[in-house]
Amino acid sequence: MTPDAAPVNLTTKNDLSETPEIVRGVTPAALNASLWVDYTLKNTLDLDIDRRATRQYFLTHVNPNTRFFHSVKEKLKFMVAEGYYDKSVIEVYSWEFLESIYAAAFAYKYRFSKYISASSFYGRMAVRDLTGKTYLERFEDRVVMTALDLARGSEDDAMRYMRVQMTGSYQPATPTFQNSGRKTGGERVSCFILPIVDSLTSIFTTLGEEAELSKLGGGVGICGTNVRAKSAPIQGRLGLGRGSAEPAKLYENTANYVDQLGTRPGAASYNINALHMDAPGLLQAKRAIANRDVKLQLNDLHLCMVIPDVLMEKAAAGESIALFCPHDVLRVTGKSWTDILIDDWYDILVRDITVRREVRDARSYLTEMSFTQSECGEPYVMFEGTVNRANPIAGIISATNICTEILQSQRLPTLFKLGGYTDTGRAVSCVVGSISVHDFLHQRNFAADIATAVDMLTATSDMTDIAGVPPVAAANRAYHSIGLGVMDYAGFLISEEIIFGSEASKRFTDMFFETMRFWALTRSTNIARERNTKFEDFELSAYADGSALQWYVDRDRKDPEVVQNLVEKFGIPVPTKQMWIDLIEHIKVHGLYHSYLMAIAPTGNISYVRGVTPSLGPAPLLIEKRENDLGKTYYPAAHLTNENKDYYPLCYDIDYRDFIDVYAEAGQHIDQGMAMTIFGPADATTRWFNAARVYAYNKGIKTIYYVRRDDRNERPDSEGSLFSKARECEACAV
């Protein structure tokens, strides 16, 4: 959208005059629920009901409970004086400029398109007074404060940052959008991964760091692969090792205990290599029925299985697989497990008769994983070999974050025996944000808006210093990692009458994400040149010699007519071979500022605020039922109309191979990962789960997030089973 000629006054009430008048005696939630009642009982789809519910919400709730200010100056002085806004963010700008940026933001006349969008924003993100009953912000206020905060005094940058948010081209992740400019609140970033060294000191130091990050609103991935297995020797005495299950339970309890100032419990995941001897026991801990030790049952902690190539290969050949203890891996290799790739050492460990092992049938082991997924939607999966072959940065990637899209090299820390670091190592800290593809492309400003998105993510990373967790702070300073992703991708395809999973969608995906990566890299190398700063150990990366990007020069991609038409329609600046050659040479000379640039997060929360399809994939239902602490909300799928409702593509109706193919086309261009959920039919068996996993592996998919089975016929009020009730992090939960 473009701003109207006349600015809207700061105190103007939300004008919803295009929708019907207020319905007396009916709450907005009840009106919204009638959308579902009509759809399920009468088989009718009246999308105007949701618009009326949105209007009702503003007229009966938001407008009467919003504080009135006569001017921008009055508002900002009040917000600073009362401790809601950070004075240092405001005082670097002139009052003249502040008035102009607010006028420009309100000139867009932004209107929430859906009830869930408005209720999620005001219920979770808008600043309220200390009573919690009076709203002090509207959407435009939050956008402007985010822009002012990240621009750090630059008026030009602040205007750019405001514009991409108001037009919908780019949306910062929930923590950035919610916390920017506030005097008190959480951090602007929320994606972390913490490694554990095999020592009691490390286990409990990580426990404290998990608590610190959970307090800030972050989702924490924890890598437990190095923890010695149950009954392993300690100080030479056999049978004393307590294993990984008990530390995992400690991390679960800590996430539950640290409740982010009473707003919601923390969220964490536990990564373990599938060849770790304790991995089968952790699978059992996720299964409430099968697990006999209730004390170790994992209800709220996510589990991620890190699967090496050798396990997939042994399963394909119908052979057995050996599981090992990290203590033996360290003894034989001289390195901690996460400092090696187990594929490289597997045969050596098997031949060494001094190495303790547990032998299992590889196919049965993977089937056991599938059975657990069929019960609870987990474990997540990370294909270790695939991830590390695609990694352009020096080092080993041994774990992922709580949503499976963050994949970065880590370096183990060194600790004093009684705590404290002699070497902080490098954990993982990553800030994410998303291009909202439909609105982004309609702006016809591809390269410039990608650059602005990268600048906003860079500012967020530069301004973040989590000193209480030294390995995270060190990683952020060294690598400047960001994760630029997408949302409303499927929504754009729908608007262009392209079915997700079709050949046209696959070809467009290949073109779009190549172009997106090109312009993101272009901005990163320009920042490196402007600041004369490269990420740590750039010279050891595959970017330094050009090998990471050479395949773009070597390949010969031919776009079909449907893709060419879209390129012309939206002015997409697709890079040529010569453009890639020039960029590779520029990177060799000037380097890159960011070690990692792209990642596709689930974008659950912020997508609902924006009223768009989340992440890369399509919606699961025409009308979704969402239930959380704000109550029940019924959400008509983004871009759903009465004209397209009969052929609107849903996740469950797309063949899993076509679904995975689209992700594979995107994934080849993404230096980190994607939060890909696989959607199965109602009668999906463990054989189906196995087949889907093998297909994803063969297509080069790096990670699998949740697995959902279609149970719409069993539970017509559901969105299809999510299975797991474990908590998501603030950036992704609704």
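Refer to the structure printed above.
Numbers given to residues run from 1 along each chain, matching the order in which its sequence is written. Since the coordinates come from a predicted model, pLDDT governs what is reported: local features require at least 70, and pairs of side-chain atoms require 80 or more to be given and counted, while whole-chain, interface and lining totals use all residues. Hydrogens and waters are ignored; side-chain quantities use all the structure's heavy atoms.

**Remarks on the overall build of the protein chain**
Comment: elements are numbered from the N terminus, with helices defined as DSSP H or I runs of at least four residues and strands as E runs of at least two. Of regular secondary structure, the protein chain possesses 28 helices and 17 strands. For the radius of gyration, the atoms used are the C-alpha atoms, and the globule rule reads 2.2 Å times the number of residues raised to 0.38. Rg of the C-alpha trace for the protein chain: 25 Å, near the compact-globule value of 27 Å for 734 residues, within the 12% margin. Based on the C-alpha atoms only, the size of the protein chain along its principal axes is roughly 80 × 60 × 55 Å. Here's how the labels work: a residue is buried when its accessible area is under 20% of the maximum for its type, exposed when over 50%, partly exposed in between, all with a 1.4 Å probe on protein chains only. Out of the 734 residues belonging to the protein chain, those deemed buried represent 61%. Any two residues having at least one pair of non-hydrogen atoms within 4.5 Å are treated as being in contact. In the protein chain, the share of contacts with a sequence separation of at least 24, taken over all contacts with a separation of at least 6, comes to 78%. Here the open area of atoms and residues is found with the Shrake-Rupley method and a 1.4 Å probe, where only the protein chains shown may cover a residue. Accessible surface for the protein chain amounts to roughly 27200 Å². Of this, 50% is attributable to carbon and sulfur atoms. Under the counting rule used here, the positive set is Lys and Arg, the negative set is Asp and Glu, and His together with the chain ends is not counted. Note on charges: their place is set at NZ of Lys, CZ of Arg, CG of Asp or CD of Glu. Of note, the protein chain has its 79 positive side-chain charges centred 4 Å away from the centre of its 92 negative side-chain charges.

**Some words on the environment of D439**
Tracing the backbone shows D439 in helix α18 (residues 437-442). The exposure class of D439 is partly exposed, given its relative accessible area of 26%. Sequence-distant contacts of D439, that is, excluding residues within four places in its chain, are made with T167, G168 and S169.

**Thoughts on the side chain of N226**
If you trace the backbone, N226 turns up in the loop between β3 (219-223) and α11 (245-257). We define a polar contact as two N or O atoms separated by no more than 3.5 Å, with the added condition that, inside protein, one atom must be a possible hydrogen donor and the other a possible acceptor, whereas residues neighbouring each other in sequence contribute only through side-chain atom pairs. Separated by 3.0 Å, the side chain of N226 and the backbone oxygen of I196 make a polar contact. Apart from residues lying up to four places away in sequence, N226 is in contact with I196, D198, P326, S336, W337, T338 and L412.

**Topic: unusual backbone geometry**
Of the consecutive residues E378 and P379, the connecting peptide bond is found in the cis state with omega at 15 degrees. Here P379 shows up in the loop between α16 (362-376) and β8 (380-383). In this model, R444 sits at a positive phi of 55 degrees, which is unusual for a non-glycine residue. With respect to the secondary-structure elements, R444 resides in the loop between α18 and α19 (446-462). For E497, which is not glycine, the phi dihedral falls at a positive 60 degrees. Secondary-structure assignment places E497 in the loop between α21 (489-495) and α22 (503-531).

**Description of the packing of helix α5 (residues 95-106) against helix α8 (residues 155-166)**
Helix axes use the C-alpha atoms of the stretch in contact, all axes being lines fitted to C-alpha atoms, and the angles between their N-to-C directions lie in the range 0 to 180 degrees. Closest axis-to-axis distance for the α5/α8 pair is 10 Å, and the angle between their directions is 15 degrees. Taken together, the axis directions place α5 and α8 in an arrangement best described as roughly parallel. Between α5 and α8 lies a crossing whose hand is right-handed. Contact with α5, carried on its side by F97, S100, I101, A104 and A105, involves E155, A158, M159, M162 and M166 of α8 and no other residues of that element. Residue polarity follows a fixed list, in which Ala, Val, Leu, Ile, Met, Phe, Trp, Tyr, Cys and Pro are nonpolar, Asp, Glu, Lys and Arg are charged, and the others, Gly among them, are polar. Looking at the contact of α5 with α8 residue by residue, the class counts come to eight nonpolar, one polar and one charged. With respect to orientation, any angle under 35 degrees is reported as roughly parallel, any angle over 145 as roughly antiparallel, any angle of 65 to 115 as roughly perpendicular, and every other angle as oblique. A crossing counts as left-handed when the near helix is turned anticlockwise from the far one by less than a right angle, and as right-handed when that turn is clockwise.

**A closer look at the nonpolar core**
The criterion is simple. A nonpolar core is a set of buried Ala, Val, Leu, Ile, Met, Phe, Trp, Tyr and Cys residues joined through side-chain atoms within 4.5 Å. L148, F508, F512 and F513 are the most contacted members of the largest nonpolar core, which totals 202 residues. Ranked by the residues each element gives to this core, the list is headed by α22, at 11 residues. With residues near it in sequence (within four places) discarded, F513 still touches V486, Y489, M598, I600, L616, A666, H669 and I670. Formed by 14 residues, the second largest nonpolar core is a distinct cluster that contains L45, Y634, L640 and Y648.

**A look at α11**
To estimate the expected span of a helix, subtract one from its residue number and multiply by 1.5 Å. Helix length check: α11 (13 residues) gives 18 Å between terminal C-alpha atoms against 18 Å at 1.5 Å per residue, within 8%. Regarding α11, the residues found buried are P247, A248, K249, Y251, E252, T254 and A255. Buried positions along α11 lie against α10 (200-215), β3, β4 (267-273) and α12 (279-285).

**Digging into the packing of α22 against helix α27 (residues 656-667)**
At their nearest, the axes of α22 and α27 sit 8 Å apart, and the two run at 20 degrees to each other. One finds that α22 runs roughly parallel with respect to α27. Once α22 is placed against α27, the crossing between them reads as right-handed. Within the contact between the two elements, α22 uses S505, K506, R507, T509, D510 and F513 and α27 uses D658, D661, V662, E665 and A666. Partitioned by chemical class, the residues of the contact of α22 with α27 number three nonpolar, two polar and six charged.

**Here we look at the state of the cysteines**
Two cysteines form a disulfide when their sulfur atoms are joined by a covalent bond. The disulfide criterion is simple: two cysteine sulfur atoms within 2.5 Å. Overall, the coordinates contain zero disulfides when judged by the stated rule. Of the cysteine sulfurs around C430, a residue in no disulfide, the closest is that of C191, at 6.2 Å. Taking the relative accessible area as the measure of exposure, C430 reaches 1% and is therefore buried.

**Overview of the packing of aromatic side chains**
Ring geometry is summarised as follows: Phe, Tyr and Trp rings, the Trp one being its six-membered ring, pair when their centres sit within 6.5 Å, and such pairs are stacked at plane angles under 30 degrees, edge-to-face over 60 and tilted between the two. As enumerated under the stated definition, the model contains 48 aromatic pairs in all. With 5.6 Å between their ring centres and 90 degrees between their planes, W688 and F689 make a pair best called edge-to-face. Take W688: its relative accessible area is 16%, and that puts it in the buried class. Given the relative accessible area of 3%, F689 is considered buried. Taken together, the ring pairs connect Y57, F58, Y110, F112, Y115, F121, Y122, Y135, F139 and F177 into an aromatic cluster. Two thresholds decide whether a charge sits over a ring: the Lys NZ or Arg CZ must be within 6 Å of the ring centre and within 35 degrees of the ring normal. In this structure, R67 packs its charged tip against the face of F78, placed 4.1 Å from the ring centre. In this arrangement the basic side chain of R360 is found over the ring face of Y365, its NZ or CZ atom lying 5.6 Å from the centre.

**Remarks on the pairing of strand β11 (residues 428-436)**
With respect to burial, β11 is a largely interior element, nine of its nine residues being buried. Both faces of β11 are covered, namely the face carrying V428, C430, V432, S434 and S436 and the face carrying S429, V431, G433 and I435. Note: two strands are recorded as paired if DSSP finds a minimum of 2 bridges between them. Note that strand β1 (residues 170-172) and β11 share three bridges and pair antiparallel. Among the inter-strand pairings, Y170 is bridged to a residue of β11, identified as I435. Relative to β11, strand β2 (residues 191-195) runs antiparallel, the two being bridged by three bridges. Among the inter-strand pairings, F192 is bridged to a residue of β11, identified as S429. Of the strand pairs in this sheet, β11 and strand β12 (residues 482-487) are connected by six bridges, and their pairing is parallel. Its bridge partner being in β12, S434 is matched across the sheet by G485.

**Observations concerning a nonpolar patch on the surface**
A patch consists of residues exposed above 30% relative accessible area that lack any salt bridge, with like charges linked at up to 9 Å and nonpolar side chains (Val, Leu, Ile, Met, Phe, Trp, Tyr) linked at up to 5 Å. Salt bridge, as used here: a side-chain nitrogen of Lys or Arg that lies within 4 Å of a carboxyl oxygen of Asp or Glu. On the surface, L200, F204 and L250 cluster together into a nonpolar patch covering about 300 Å² of accessible area. Looking at the element boundaries, L250 is found in helix α11. Judged by its relative accessible area of 32%, L250 is partly exposed.

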